[in-house]
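Examining the three-dimensional arrangement
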Amino acid sequence: MNNIIMKLKEISKSNFFKHAVPFFLTVGLGTLFLKEFASLRYEYRKSELLSPQDIKALKEITGGKLHTLEEEYEKLKKVCNLYAFLSSKPIMRFTLNVQYSIIM
C-alpha cells in the first residue's frame, strides 16, 4: 500500500501531470461545452416566415406599399448621384434635432 502511494506522489510530480493533463482536459471539456452551447443557440433561433396576415398588416402600417430591395437601391443611387453633383457646393443636411446645418 505504501509503495502505491509513493508511486502516485512520484507520478504527480512529473511535468506531464503538471502541464499536459490540465491542458488536454481543458481542450477536451471545452469542446464538449462549446458544442452544447452552440446547439442551444441554433435551437432557439427566431427564424420565421411571414404569413399572409402579417404581410397584410405590414401593408396597412406602411400605407399600402411594401418596398422592394430594387426600389431602395434606386433611391440610394439617386441620392449618391445628387451628392456627387453637389460635392463641390455646400450641402444642406438634417441633424438629429431636425435643424439644418451647412457643410463647407
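Residues numbered from 1 in each chain as written. Predicted model: local features only at pLDDT ≥ 70, side-chain atom pairs only at ≥ 80, totals over all residues. Heavy atoms only, no water.

**Overview of the overall build of the protein**
A tally of helices and strands in the protein yields four helices and two strands. Secondary structure elements of the protein occur, N-terminal to C-terminal, as α-α-α-α-β-β. In the protein, which comprises 104 residues, the share counted as buried stands at 2%. Accessible surface, the protein as shown: approximately 10400 Å² in total, 66% of it carbon and sulfur. (Helix = DSSP H or I, 4+ residues; strand = E, 2+ residues; numbered from the N terminus. Buried < 20%, exposed > 50% of the residue type's maximum accessible area, 1.4 Å probe, protein only. Areas by Shrake-Rupley, 256 points an atom, 1.4 Å probe, with all protein chains shown as cover.)

**Digging into the pattern of salt bridges**
Taken as a whole, this structure holds two salt bridges when the rule is applied. The salt bridge involving Lys75 is made with Glu72; its shortest N-O contact spans 3.6 Å. One end of the pair, Lys75, and the other, Glu72, are both in helix H4 (residues 69–86), three residues apart, so they sit about a helical turn from each other. Exposure remark for Lys75: the relative accessible area of 40% places this residue in the partly exposed category. Residue class for Glu72 comes out partly exposed when judged on its relative accessible area of 37%. The salt bridge partner of Lys77 is Glu74, with a shortest N-O separation of 3.8 Å. Separated by three residues within a single helix, Lys77 and Glu74 lie in helix H4, roughly one turn from each other. Judged by its relative accessible area of 36%, Lys77 is partly exposed. (Salt bridge = Lys/Arg side-chain N within 4 Å of Asp/Glu carboxyl O.)

**A look at the packing of aromatic side chains**
One pass over the structure, following the stated rule, counts two aromatic pairs. Centre to centre, the rings of Phe16 and Phe17 are 5.5 Å apart; their planes meet at 90 degrees, and the pair counts as edge-to-face. Since its relative accessible area comes to 47%, Phe16 is described here as partly exposed. Since its relative accessible area comes to 41%, Phe17 is described here as partly exposed. (Phe/Tyr/Trp six-rings, centres within 6.5 Å; stacked < 30°, edge-to-face > 60°.)

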